[in-house]
Amino acid sequence: MADAVASGRLGDQRALLRLMAWLSPAFPVGGFAYSGGLESAIVDRHVRDASSLGSWIGLLLDHGGLRNDAILFVDAHRRQREEGDLGELVELAVALAGSAERHADITRQGEAFVTAAAGWPHSVLDMLSGPVAYSVAVGAVAAAHGVAPGDALAAFLHAQVSMLVSVAIRLGVIGQSHGVGLIAAFEERILLAVPSLERLGLDDLGSAAIAAETLSMRHETQYSRLFQS
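The structure reproduced in this document is the subject of the present report. In this text, all values refer to a predicted model and were calculated from it rather than measured experimentally.

**Regarding the overall build of the chain**
A tally of regular secondary structure across the chain gives 10 helices and zero strands. When the helices and strands of the chain are listed from N to C terminus, the series reads α-α-α-α-α-α-α-α-α-α. Taking 2.2 N^0.38 as the reference for a compact globule, 229 residues should give roughly 17 Å; the C-alpha atoms of the chain span a radius of gyration of 17 Å, in line with that estimate. Across the 229 residues in the chain, those meeting the buried criterion constitute 48%. Across the chain, contacts joining residues at least 24 apart in sequence account for 77% of those joining residues at least 6 apart. Here the chain has roughly 11100 Å² of accessible surface; of this, 55% comes from carbon and sulfur atoms. Distance between charge centres in the chain, computed from 16 positive and 25 negative side chains, equals 5 Å.

This is the structure in structure tokens:
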């Protein structure tokens, strides 16, 4: 019994360490180069301080791209867990990209993630060849390595929120203190959202964040910019 408990604890710790590695800013997916359209939102003054940044990220989480990414993540995790077909989901997630910038963002990070994840060899990587959305790649790989869906999704969303906060800091909209405060504030919001997001399926995909989608497209032709999306 003691050996079984110790083995289970070791498995949980291994899953935690892998999540920390895969979603670390140091993991070579190039996430630092993308803003998800936030740079255009800042240029157009939709986001100008910590409060408006928090509202913007909340919009994406509740009604926009982050919500869709979470749904795709959960479906990829479920399919891999149940040994289902990932091919159709891979194609759907890429086709849903609403702009050239968004397509480049999710596929470049997705392909880079699959390449880097080869450090933890698994047959799932063979099913993620070619253009693949970042959310699908992370969800499937997490499932393949036995990471619980709720834990994996919470960590994924936390990493995405942290990335957006980092963008705002680098563009001078907020300082590091406000950034840390926002990350802390979103902790509870993410934890409360995860159970609901886990129950959603592909029929629930959709976005009501029209301004965010439009600004993401506008970023393609922005005169001067720091980020690729």
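**Details of unusual backbone geometry**
At Arg-45, a residue that is not glycine, the phi angle is positive and equals roughly 70°. The topology assignment puts Arg-45 in the loop between helix 2 (38–43) and helix 3 (50–63). In this structure Arg-45 comes out as exposed when scored by relative accessible area, which is 54%. A positive phi angle, close to 60°, is found at Glu-83, a residue other than glycine. Tracing the backbone shows Glu-83 in the loop between helix 4 (65–81) and helix 5 (87–95).

**Examining the pattern of salt bridges**
Evaluation of the coordinates by the stated rule reveals five salt bridges. A salt bridge links Asp-69 to Arg-102; the nearest nitrogen and oxygen atoms lie 2.8 Å apart. Separated by 33 residues along the polypeptide, Asp-69 in helix 4 and Arg-102 in helix 6 (residues 100–116) bring together distant segments of the chain. Accessibility expressed as a relative area gives 9% for Asp-69, which makes it buried. For the salt bridge of Asp-75 with Arg-78, the shortest nitrogen-to-oxygen distance reads 2.7 Å. With Asp-75 and Arg-78 both in helix 4 and three residues apart, this pair spans about one turn of that helix. A residue is classified by how much of its surface remains accessible, and Arg-78, at 31% relative accessible area, is partly exposed. In this structure, a network of salt bridges that share partners links the residues Asp-75, Arg-78, Arg-79 and Glu-82.

**What about a nonpolar patch on the surface?**
On the surface, a nonpolar cluster with roughly 330 Å² of combined accessible area is contributed by Leu-16, Leu-17 and Met-20. Inspection of the secondary structure assignment puts Leu-16 in helix 1 (residues 2–22).

**Brief notes about the packing of helix 6 against helix 7 (residues 134–144)**
Two measures define how a pair of helices packs: the angle their axes make with one another and the distance between the axes. As a packed pair, helix 6 and helix 7 sit with axes 7 Å apart at the nearest point and diverge in direction by 25°. When the interaxial angle is binned, helix 6 and helix 7 end up roughly parallel. Contacts from Ile-106, Gln-109, Gly-110, Phe-113 and Val-114 in helix 6 reach Tyr-134, Ala-137, Val-138 and Val-141 in helix 7. Taken together, the residues that form the contact of helix 6 with helix 7 break down as seven nonpolar, two polar and no charged.

**Some remarks on the side chain of His-77**
Secondary-structure assignment places His-77 in helix 4. With residues near it in sequence (within four places) discarded, His-77 still touches Gly-139, Ala-140, Ala-142, Ala-143, Val-147, Ala-148, Pro-149 and Ala-152.

**Observations concerning the environment of Leu-205**
Here Leu-205 shows up in the loop between helix 9 (176–198) and helix 10 (210–218). The spatial distance from the C-alpha of Leu-205 to the C-alpha of Arg-67 is 8.1 Å, given a sequence separation of 138 residues. With residues near it in sequence (within four places) discarded, Leu-205 still touches Asn-68, Ile-71, Leu-72, Leu-92 and Leu-96.

**Some details on the packing of aromatic side chains**
Going through the model one piece at a time under the given rule, you end up with seven aromatic pairs. Between Phe-113 and Tyr-134, the ring centres sit 6.0 Å apart and the planes meet at 80°, which makes this aromatic pair edge-to-face. Highlighted residues: Phe-113 in helix 6 and Tyr-134 in helix 7, separated in sequence by 21 residues. Both residues of the pair, Phe-113 and Tyr-134, count as buried.

**Details of helix 3**
End to end, helix 3 covers 20 Å across 14 residues, agreeing with the expected 20 Å (1.5 Å per residue, within 8%). Along helix 3, the positions that sit buried rather than exposed are Ala-50, Ser-52, Leu-53, Gly-54, Trp-56, Ile-57, Gly-58, Leu-60 and Leu-61. N-cap assignment for helix 3: the residue whose side-chain oxygen lies 3.3 Å from the backbone N of Ser-51 is Asp-49.

Each value, and the rule that gives it
Residues numbered from 1 in each chain as written. Predicted model: local features only at pLDDT ≥ 70, side-chain atom pairs only at ≥ 80, totals over all residues. Heavy atoms only, no water. Helix = DSSP H or I, 4+ residues; strand = E, 2+ residues; numbered from the N terminus. Rg over C-alpha atoms; globule rule 2.2 N^0.38 Å. Buried < 20%, exposed > 50% of the residue type's maximum accessible area, 1.4 Å probe, protein only. Contact = heavy atoms within 4.5 Å. Areas by Shrake-Rupley, 256 points an atom, 1.4 Å probe, with all protein chains shown as cover. Lys, Arg positive; Asp, Glu negative; His and termini not counted. Charge placed at Lys NZ, Arg CZ, Asp CG, Glu CD. Salt bridge = Lys/Arg side-chain N within 4 Å of Asp/Glu carboxyl O. Patch = residues over 30% accessible without salt bridge, like charges linked within 9 Å, V, L, I, M, F, W, Y side chains within 5 Å. Axes fitted to C-alpha atoms, helices over the stretch in contact; angles between N-to-C directions. Parallel < 35°, antiparallel > 145°, perpendicular 65-115°, else oblique. Nonpolar A, V, L, I, M, F, W, Y, C, P; charged D, E, K, R; others polar. Phe/Tyr/Trp six-rings, centres within 6.5 Å; stacked < 30°, edge-to-face > 60°. Expected span 1.5 Å × (residues − 1). Polar contact = N/O pair within 3.5 Å; in protein donor to acceptor, adjacent residues only side chain to side chain.

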